Structures are given as structure tokens and as C-alpha cells.
Amino acid sequence: MTKLVILLLIPLSSSAEPGPLTSYLMAEPATLFDISMLRLKRLTDYWETQMVFNYKRGSQSKAISGNVNSEYDPDNDKIYIVLSAMDESSNETQMQAGCQNALKHIQIYVRKSLREIFTHEGQRHRSGSDELWSQSGSMIELRCYISGRSSSQGRFWARQLLADKEVTIERWPVK
């Protein structure tokens, strides 16, 4: 009898229906592209310290801070992986060496992980998809942006397509 009384005293758990925001989010499909961009972000977050160190090592810079971001630009249909670093002490030759070293390593990290990033979980390589994979080398662009005391004070810019061996030194507008 005491067990019955104890059971009656335990409040019953109730569950509410999902609210409008939760319902909306639950109904939205996640595409392989959405998931792949999250995986790419996770990869760049994981290697970020090493990527910044590769710049520092190449430029022989004493003190820098930096980060790596990845984003998709629908206007250009490109994925940009951008290493941004603050380096006030290096000259142009040193910044070029640092960017070349960093971009070379970013290229290695991304190329090794590319099929894992842009494939469904547990899915093997599909025949006939080689043509699509060959296009990824021109769709993914690696960038190196070096600034001074603030991120708006650009000192050096470089870029490289994932498929390229050479780094291009140029300026592009800072957003």
C-alpha cells in the first residue's frame, strides 16, 4: 500500500508540443552542402593554431595572432578558406614566405579531407563522380590576409586555388 501512495505522490511528467520556432527548424532540410560546410568549419577550427603557426614559421615573425575562416560566396560560387593574421613586423618578402607556407599546408589539410567532408556519412566513392571532384579544385580558394594593428589595415594579400601550385599575390577589397 505504501508503494501505491508513493507512486501517487510522484508527479507525472508532461511533454509540451514543439513551439513554432522548433517546428520550423525541425521541418527544414539539411543538405549535404550544409553539413559539408560545417565539417569544413570543424576542420579549419581543428587546424587553426597549426595554420597560423605555419604562417609564423614561414615569415619568421616574432609575434602574431590569427584565425582561419571558411565561407561560401554564392555570387562567385566559391568556397573561401581565409587565414587572417596580424603581423606588424614582417616585410613583404617575409609575409609572402609566410603566406606561401601557410597556404601550402592548408591545401594539404583540405585536400586530404575533401572527400570525407563532401560525402554522406558511411558512403563510399561513387563511380562517375570524378568529374565533379575535379571541379572542386577551382571552386575552393585559399586566401591569406595579413593586417597591421587592425584588421582594416591591410598589409599583404595572397590567394591560391585548391588545384593550383602557385600562390598569387594581389589585393582584393576588404569587406
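Here, every reference points to the structure presented above.
Residues numbered from 1 in each chain as written. Predicted model: local features only at pLDDT ≥ 70, side-chain atom pairs only at ≥ 80, totals over all residues. Heavy atoms only, no water.

1. Quick look at the packing of aromatic side chains
One pass over the full model with this rule turns up 4 aromatic pairs. When the ring of Tyr46 is compared with that of Trp47, the centres are 5.3 Å apart and the planes differ by 90°; the resulting orientation is edge-to-face. Judged by its relative accessible area of 29%, Trp47 falls in the partly exposed class. Here the aromatic rings of Trp47 and Tyr109 are separated by 4.3 Å at their centres, their planes lie at 10°, and the arrangement is stacked. In this pair, Trp47 sits in helix H3 (residues 32–59) while Tyr109 sits in helix H4 (residues 92–117), placing the two residues 62 residues apart along the sequence. Among the aromatic residues, those joined into a cluster by ring pairs are Tyr46, Trp47 and Tyr109. (Phe/Tyr/Trp six-rings, centres within 6.5 Å; stacked < 30°, edge-to-face > 60°. Buried < 20%, exposed > 50% of the residue type's maximum accessible area, 1.4 Å probe, protein only. Helix = DSSP H or I, 4+ residues; strand = E, 2+ residues; numbered from the N terminus.)

2. Focus: the pairing of strand S3 (residues 140–147)
Counting buried positions along S3 gives 8 out of 8 residues, so the element sits mostly inside the fold. Pairing analysis gives 8 bridges linking strand S2 (residues 78–86) to S3, with the strands arranged parallel. Bridge pairing in S3 links Leu83 to Cys144. As defined by bridge partners, S3 adjoins strand S4 (residues 154–161) across 7 bridges and the pair is classed as antiparallel. Bridge pairing in S4 links Cys144 to Ala158. (Pairing = 2+ DSSP bridges.)

3. Some thoughts on unusual backbone geometry
Its identity as a non-glycine residue notwithstanding, Gln60 has a phi of 55°, on the positive side. Following the sequence through the fold, Gln60 ends up in the loop between H3 and strand S1 (65–73). Unusually for a residue other than glycine, Asp77 sits at a positive phi of about 50°. By secondary structure assignment, the location of Asp77 is in the loop between S1 and S2.

4. Remarks on the pairing of S2
Within S2, 7 of the 9 residues are buried, which leaves it mostly tucked inside the rest of the structure. Two elements, S1 and S2, share 9 bridges in a ladder whose sense is antiparallel. Note on S2: the bridge partner recorded for Ser65 is Met86. Counted between consecutive antiparallel strands, the loop separating S1 from S2 contains 4 residues, among which Asp77 sits at a positive phi close to 50°.

5. Details of the nonpolar core
Of all hydrophobic cores here, the largest spans 30 residues; its most connected members are Tyr55, Ile81, Leu83, Ile106, Cys144 and Ile146. Put simply, the parts of the chain that give this core at least two residues each are H3, S2, H4, S3 and S4. With 9 residues, the single largest contributor to this core is H4. The contact partners of Leu83, leaving out residues within four places of it in the chain, are Met51, Val52, Tyr55, Asn67, Val68, Ala102, Ile106, Arg143, Cys144 and Tyr145. (Core = buried A, V, L, I, M, F, W, Y, C linked by side-chain atoms within 4.5 Å. Contact = heavy atoms within 4.5 Å.)

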